[in-house]
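Listed below are the residues making up each chain.
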Amino acid sequence: EAGVTQFPSHSVIEKGQTVTLRCDPISGHDNLYWYRRVMGKEIKFLLHFVKESKQDESGMPNNRFLAERTGGTYSTLKVQPAELEDSGVYFCASSPLGGMVYEQYFGPGTRLTVT
Amino acid sequence: AQRVTQPEKLLSVFKGAPVELKCNYSYSGSPELFWYVQYSRQRLQLLLRHISRESIKGFTADLNKGETSFHLKKPFAQEEDSAMYYCALSIPILTGGGNKLTFGTGTQLKVEL
């Protein structure tokens, strides 16, 4: 079974540019999460999708970040325009739907560097 | 607000020595706690969850609600245990189900020969 995949693995952009990160969850996983770890800080929740619907986007830093999950399959996270403080590792995770607490399966992360 | 604290950034032990990675949490609800591990050049993966009360790779963790702790322990460290360990608190997302994780800052465990 293929795990969660993320693309690209590493992105270097200049301040003010736009970057789009992609996440492909495990097939059949309706829950999809985005997290971020900035240098020296903890991994922080950004938002959560169930299928194509955003359920909780309380962790999104500001309106420069836009996440979508059209069709309920893969998700994209766009940063526009990027700022220096957006540098970090962006993780995607997925899990099946259910009433219990389920394990989240993480992707390898995308390392974003804004110069 | 919920919070997870891992006081040690780095823990260095000798092979065969006992290991204890500390984790304390703050949460007003009923806590669901996990330990995640990230080995070098690998992705973050679940090590164990408190509700399962299981031992994985020789590691155990007991939830102590009185002390609000969920320390990770192993009686005899192995070289392959060297990794970054994250304690995480699961918060239910009320709309639509699912749960979001609040992580500690992580502890790098280094097992020396």
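Quick note: structure is the one above.
Residues numbered from 1 in each chain as written. Chains lettered and ligands numbered in written order. Predicted model: local features only at pLDDT ≥ 70, side-chain atom pairs only at ≥ 80, totals over all residues. Heavy atoms only, no water.

A. Spatial organisation of the overall build of chain A. Along its length, chain A carries zero helices and 11 strands. Listed by position from the N terminus, the elements making up chain A come as β-β-β-β-β-β-β-β-β-β-β. Taken over the C-alpha trace, chain A has a radius of gyration of 13 Å; the compact-globule value for 115 residues is 13 Å, and the two agree within 12%. Here chain A, with 115 residues, has 47% of them falling under the buried criterion. Carbon and sulfur atoms make up 49% of the accessible area of chain A, which amounts to about 5500 Å² in all. Where the 12 positive side-chain charges of chain A centre and where its 13 negative ones centre are 4 Å apart. (Helix = DSSP H or I, 4+ residues; strand = E, 2+ residues; numbered from the N terminus. Rg over C-alpha atoms; globule rule 2.2 N^0.38 Å. Buried < 20%, exposed > 50% of the residue type's maximum accessible area, 1.4 Å probe, protein only. Areas by Shrake-Rupley, 256 points an atom, 1.4 Å probe, with all protein chains shown as cover. Lys, Arg positive; Asp, Glu negative; His and termini not counted. Charge placed at Lys NZ, Arg CZ, Asp CG, Glu CD.)

B. Spotlight on the overall build of chain B. Of the regular secondary structure elements, chain B holds zero helices and 11 strands. Order of helices (α) and strands (β) in chain B, N terminus to C terminus: β-β-β-β-β-β-β-β-β-β-β. In summary, chain B has a C-alpha radius of gyration of 14 Å against a globular reference of 13 Å for 113 residues, a match within 12%. The C-alpha extent of chain B, read off along each of the three principal axes, is 50 × 30 × 25 Å. Across the 113 residues in chain B, those meeting the buried criterion constitute 44%. As displayed, chain B offers around 5800 Å² of accessible surface, 50% of which is attributable to carbon and sulfur atoms. Chain B carries 14 positive and 10 negative side-chain charges, and their two centres are separated by 6 Å.

C. Quick peek at the packing of aromatic side chains. By the definition in use, this model includes 12 aromatic pairs over all chains. A network of ring pairs unites the aromatic residues Tyr33(A), Tyr35(A), Phe45(A), Phe91(A), Phe106(A), Phe34(B), Tyr36(B), Tyr86(B) and Phe103(B) as a single cluster. (Phe/Tyr/Trp six-rings, centres within 6.5 Å; stacked < 30°, edge-to-face > 60°.)

D. Region of the structure containing the sheet that holds strand 7 (residues 60-61) of chain B. All names here are of chain B. Spatially, 3-8-7 is the arrangement adopted by the three strands of the open sheet, whose pairing is antiparallel. Single-partner strands in this sheet number two, and they are strand 3 (19-21) and strand 7. Examined bridge by bridge, strand 7 and strand 8 (residues 72-74) share two bridges and lie antiparallel to one another. Its bridge partner lying in strand 8, Thr60 is registered against Lys73. (Pairing = 2+ DSSP bridges.)

E. Region of interest: the pairing of strand 5 (residues 43-50) of chain A. Residues and elements named next belong to chain A. With seven of its eight residues buried, strand 5 lies for the most part within the structure. Linking two consecutive strands that pair antiparallel, namely strand 4 (residues 31-37) and strand 5, is a turn of five residues; a positive phi of about 80° is found at Gly40 within it. By the bridge criterion, three bridges tie strand 5 to strand 6 (residues 53-56) in an arrangement that is antiparallel. Among the inter-strand pairings, Val50 is bridged to a residue of strand 6, identified as Ser53.

F. Molecular detail of the pattern of salt bridges. Going through the model one piece at a time under the given rule, you end up with 10 salt bridges over all chains. The shortest N-O distance in the salt bridge between Asp86(A) and Arg64(A) comes to 2.6 Å. Pair noted here: Asp86(A) is in the loop between strand 8 (75-79) and strand 9 (88-95) and Arg64(A) is in the loop between strand 6 and strand 7 (65-68), with a separation of 22 residues, a long-range link. The salt bridge partner of Glu20(B) is Lys22(B), with a shortest N-O separation of 3.1 Å. Among the residues examined, Lys22(B) registers a relative accessible area of 29% and is labelled partly exposed. It is possible to trace a salt-bridge network through shared partners that takes in Arg36(A), Arg64(A) and Asp86(A). (Salt bridge = Lys/Arg side-chain N within 4 Å of Asp/Glu carboxyl O.)

No statement about biological role is implied by the geometric values presented.
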